[in-house]
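In case you want the letters, here they are:
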Amino acid sequence: TVNKPLVIATWNTPDAVNAAAKVLQNGGTALDAVEQGCRVEEANPKNQTVGIGGLPDRDGFVTLDACIMNEKGDYGAVVGVENIKHVISVARKVMEDTPHVLLSGKGAEQFAVSKGFKKEDLLTEESKKAWEEWKVKSEYKPIINIENHDTIGMLAMDADGNLSGACTTSGLAYKLRGRIGDSPIIGSGLFIDNEVGGAVATGLGEEVLKTVGSFLIVELMRQGMSPQQACEEAIKRIVTKPNSDFKNFQVCYIAMNKKGEIGSYAIHEWFSYSKFDNKGYKNIKSDFYLK
Ligand code: SD4
């Protein structure tokens, strides 16, 4: 039997995961849980990869990507959104209140404002300073597990055994203006199939997009792999590509199946994920490829 409530998330994110678990403990749905969990980090200015305080693109604009998926297979997402911190909730509104699944940039911002979201400057003094220091050399070099840190990808199972997932990020620091990563793209940054399980990614989005990683993991689980085996196979697809530069970037996956089994795998060391089950919160070091 599954140890419910069950929540997992990328990185060491106790506040977010505990908030999600609380929703489930109060009888809420997995969808409500992942949304509320993600909102915690979106509101945290110290997390420089999500929401307010996110590191900007190379021109100094903080642009956010987010997506959400429920147990019915519905999906909603926003990309390249400025001035609105709770993009996960905007993504949910796209899913529930429009005939579309994906809104971008100014249109997404306009939609959010029409739904009552508050506009605010997302560039904090700290992130502005980091960007100004970066501008001196203007060198784009993803730093493994430093720049690529703390995108929140979250999966939850509620008392009814239903699965939902969410993902929210400011993307790669100092990205080209207009760049969109994997996090808001269905099947890449996140995928849920309530019959099988769910998966979510963090790390260098381009590599996740090129291998449609989260959908791959869910389909591999459907064919009988455990979440762990499926995460390992998805990382293998990246590192075994001809001329893969995987020594210089990080990709990490976490996954959960309908039985509540969990898997995680990364290219490099120092990826960890968070878990909340009937034993409480735990940060768990992930297994990884490059040993
Ligand atoms: C992206 N996957 O935009 C995201 C970045 C990330 O922790 O995961 N940061 O490529």
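Residue indices begin from 1 for each chain and proceed along its sequence in written order. Only residues with pLDDT of at least 70 are given local features in this predicted model, and only at 80 or more are side-chain atom pairs given and counted; all residues enter the totals for whole chains, interfaces and linings. Side-chain numbers here rest on the full set of heavy atoms in the structure, without hydrogens or water.

(A) A look at the side chain of Thr124. Per the convention used, a helix needs a DSSP run of H or I reaching at least four residues, while a strand needs a run of E reaching at least two, with both numbered from the N terminus. Along the chain, Thr124 falls in the loop between helix 4 (105-114) and helix 5 (125-137). Two residues qualify as a contact provided that any one of their heavy atoms is within 4.5 Å of a heavy atom in the partner residue. Once residues within four sequence positions are removed from consideration, Thr124 is found in contact with Pro45, Ile52 and Gly53.

(B) Molecular detail of the sheet that holds strand 1 (residues 6-10). Strand pairing follows a simple DSSP-based rule, namely that at least 2 bridges must link the two strands. Taken together, the eight strands give an open sheet; going across it, the order is 4-3-2-6-5-1-11-12, and neighbouring strands pair in mixed fashion. Every other strand in the sheet has two partners, leaving strand 4 (102-104) and strand 12 (280-285) as the edge strands with one partner each. Shown here is a sheet whose adjacent strand axes are inclined to one another by a mean of 10°, direction ignored. Of the strand pairs in this sheet, strand 5 (residues 152-157) and strand 6 (residues 163-169) are connected by six bridges, and their pairing is antiparallel. The residue bridging Met157 from the neighbouring strand is Leu163, located in strand 6. Lines fitted to C-alpha atoms define the axes, with helix axes restricted to the stretch in contact, and inter-axis angles between N-to-C directions lie between 0 and 180 degrees.

(C) Structural detail: the sheet that holds strand 10 (residues 262-266). Read from one edge of the open sheet, five strands run 7-8-9-10-13, paired in mixed fashion. Of all strands in the sheet, those bounded by a partner on one side alone are strand 7 (190-193) and strand 13 (287-288). By the bridge criterion, four bridges tie strand 7 to strand 8 (residues 197-203) in an arrangement that is antiparallel. Within the sheet, the bridge partner assigned to Leu190 lies in strand 8 and is Val200. Across the sheet, helix 7 (residues 213-222) touches strand 7, strand 8 and strand 9 (251-257), and the angle it forms with strand 8 is around 145°.

(D) Structural context of the environment of Ile88. Relative to the assigned elements, Ile88 resides in helix 3 (residues 87-97). Taking the C-alpha atoms as reference points, Ile88 and Leu6, separated by 82 residues in sequence, lie 20 Å from one another. Excluding its chain neighbours within four sequence positions, the residues that come into contact with Ile88 are Glu35, Cys38, Arg39, Glu42, Ala66, Cys67, Ile68, Ala166 and Cys167.

(E) Seen up close, the packing of aromatic side chains. The rule is short: rings of Phe, Tyr and Trp, with Trp giving its six-membered ring, pair when the centres are within 6.5 Å, and they are stacked under 30 degrees, edge-to-face over 60, tilted in between. All chains considered together, the criterion is met by four aromatic pairs. When the ring of Phe246 is compared with that of Tyr289, the centres are 5.7 Å apart and the planes differ by 85°; the resulting orientation is edge-to-face. Of this pair, Phe246 sits in the loop between helix 8 (227-239) and strand 9 while Tyr289 sits in the segment after strand 13, and the two are 43 residues apart along the sequence. Above the face of the Trp131 ring, Lys135 is positioned so that its terminal group lies 3.8 Å from the ring centre. Only Lys NZ and Arg CZ are tested; either one counts as a charge over a ring when it is within 6 Å of the ring centre and within 35 degrees of the ring normal.

Geometric descriptors of this kind do not, in isolation, establish any biological role.
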